[in-house]
Amino acid sequence: MKIAVIGCTHAGTAAVVNAAKFYPDAQINVYERNDNISFLSCGIALYVGGVVKDPQGLFYSSPEQLAELGVVTHMRHEVLSVDTDAKTLRVRNLKTEEVFEDTFDKLIVTTGSWPIIPKLAGMDLGNILLCKNYDHSNTIIAKAKNASRITVVGAGYIGVELVEAFQESGKQVTLIDSEERILNRYLDAEFSSQIEDAFRARGVELALGQTVQAFEGQDGKVNRVITSKGKIETDLVIMCIGFRPNTELLKGQVDMLPNGAIIVDEYMRTSKPDVFAAGDSCAVHYNPTGKKAYIPLATNAVRMGMLVAHNLVRPTTKYMGTQGTSGLKIYDLNLASTGLTEGACDDEELDAQAVTVTDAYRPEFMPTAETVTLKIVFEKDSRRLLGAQIMSKVDLTQAMNTLSVCIQNGMTVDELAFVDFFFQPHFNKPWNFLNTAGIAALPKIGIEELQHV
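Residues numbered from 1 in each chain as written. Predicted model: local features only at pLDDT ≥ 70, side-chain atom pairs only at ≥ 80, totals over all residues. Heavy atoms only, no water.

Caption draft 1: Up close: empty space enclosed by the protein. Applying the stated criterion to the full structure yields one cavity of 30 Å³ or more. Each pocket or cavity is described by its volume, and for the largest cavity that value is around 30 Å³. D359, A360, Y361, K429, W431, N432, F433 and T436 together form the lining of the largest cavity. Only β23 (352-360) and α11 (433-441) provide two or more residues apiece to the lining of the largest cavity. Classifying every residue of the lining of the largest cavity by side-chain character gives four nonpolar, two polar and two charged. (1 Å grid on protein atoms, 1.4 Å probe; cavity = no way out; pocket = protein on both sides within 12 Å on 5 of 7 lines; lining within 4 Å. Points joined across faces, edges and corners; volume = space filled by probe spheres on them. Helix = DSSP H or I, 4+ residues; strand = E, 2+ residues; numbered from the N terminus. Nonpolar A, V, L, I, M, F, W, Y, C, P; charged D, E, K, R; others polar.)

Caption draft 2: Layout of helix α6 (residues 189-201). In a regular helix each residue adds 1.5 Å, so 13 residues correspond to 18 Å; α6 covers 18 Å between its end C-alpha atoms and thus fits that length. The inward-facing, buried residues of α6 contact α5 (157-168), β12 (205-208), β21 (326-330), β22 (333-339), β24 (371-379) and β25 (385-392). Two residues or fewer after α6 comes G203, characterised by a positive phi angle close to 90 degrees. (Expected span 1.5 Å × (residues − 1). Contact = heavy atoms within 4.5 Å.)

Caption draft 3: Examining the sheet that holds strand β4 (residues 77-83) more closely. With antiparallel pairing, three strands are arranged side by side in an open sheet as β4-β5-β6. The open sheet has two edge strands with one neighbour each: β4 and β6 (99-103). Averaged over all adjacent pairs, the angle separating strand axes in this sheet is 25 degrees, with direction ignored. Two elements, strand β5 (residues 88-93) and β6, share five bridges in a ladder whose sense is antiparallel. Among the inter-strand pairings, T88 is bridged to a residue of β6, identified as T103. (Pairing = 2+ DSSP bridges. Axes fitted to C-alpha atoms, helices over the stretch in contact; angles between N-to-C directions.)

Caption draft 4: The arrangement of the packing of helix α1 (residues 10-22) against helix α7 (residues 298-311) in detail. Where α1 meets α7, the closest approach of the two axes is 7 Å, and the angle between their N-to-C directions is 25 degrees. Relative to α7, the element α1 lies roughly parallel. Where α1 crosses over α7, the handedness of that crossing is right-handed. Note on element contacts: α7 touches α1 through A298, A301, V302, G305, M306, V308, A309 and H310, opposite H10, A11, A14, A15, N18, A19 and F22. (Parallel < 35°, antiparallel > 145°, perpendicular 65-115°, else oblique. Left-handed = near helix turned anticlockwise from the far one by under 90°.)

Caption draft 5: The sheet that holds strand β11 (residues 172-177), seen in detail. In space, the five strands of this open sheet follow the order β9-β16-β10-β11-β12, with parallel pairing throughout. Looking at which strands have only one partner, the edges of the open sheet turn out to be β9 (128-130) and β12. The sheet shows a mean angle of 20 degrees between the axes of neighbouring strands, direction not considered. Where strand β10 (residues 149-153) lies against β11, five bridges are found, and the strand directions are parallel. Note that in β11 the partner of I150 across the bridge is V173. The sheet strands contacting helix α4 (residues 134-144) are β9, β10 and β16 (236-239), and the helix crosses β9 at an angle near 150 degrees.

Given below as structure tokens:
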């Protein structure tokens, strides 16, 4: 069996490593246009901020390690075209410019995503940077050394983490986003507002509710951002406005969402036989809504990549879907979320309710008992759990993994009230805060109902 793999970051590495173990007699060829594989881009802000001193720790595999498994990794090779019917690839060696053709029995497409680059006046000026891969992170670090004023465009996870890193290194930072608040896709306002307050308290300028319209520069480098509400002087701009699936190679050959995300079934199969896909190039099954969605996360990618290997020869292991669970640490605030926010439920036109509880996470007689805020979102009629968010100064984010499982298994908020959790004063209260949230959501029994008991 001849296996061709296009792209080798999270999903690609997981697929290749497992395929090599499951099918030791297979011939596996990996085509990667970069000069490295398996870069943990979620660690870029930590690297930029100096928390990660050795960037090699952000790589968890290499061509040499794959070679030990019998995999041939073609670095700096770009796949120019794919014919899924003829099962052929056209490839260019970016070092020699040689173009050649290869064949495959099974194709694994793990081409990932690429930053959205708006077509704006001045985008070609120097010091306007992207933030996606290892080369980007090194460029950001080098350019930031000589910049006192840095502008980050996009208030998602990457943008917010970069703002913290730059502010802590003594830079004057401005964060621009077209939405009225930061992290609006991941957190409701009562959570995101506290991060905004933390930024403002440290001198970060939040330019929210405004869009970038153009860039101006001097001597070939950007020095001003023009927005819908004014002008921002700057020495460096980092673009973090989102990602789109990198799937042009298969356009018109397999089924995709309107944004280009490849649609796969529960076994990671595309609409073409023997063509599999995984990771940021794909749509995922989003359990809270039951729909296909584009949620580019490393956790989704590694699971999907492994499942490709499991199902390459015959369907054996189903994909369980995702809740889009994610976490974030900004200064002393630990946050995490899973599933739908209350705002996202409105966008989905779901009739949802929410409860928010704030309490000490463990008994007050302990030397310290930090406060935790937990919000649970659930469907009004079915009472099915849809999402949750948590924030505290002590790290309680693993609770979102617990609620992710609850959502995945279709549990109700009423069941959450009485789930069995251990009690130990070092860690929690007799009623775990997850139970407490469930109890707060229980239908109230009034005096009229009690009279009929």
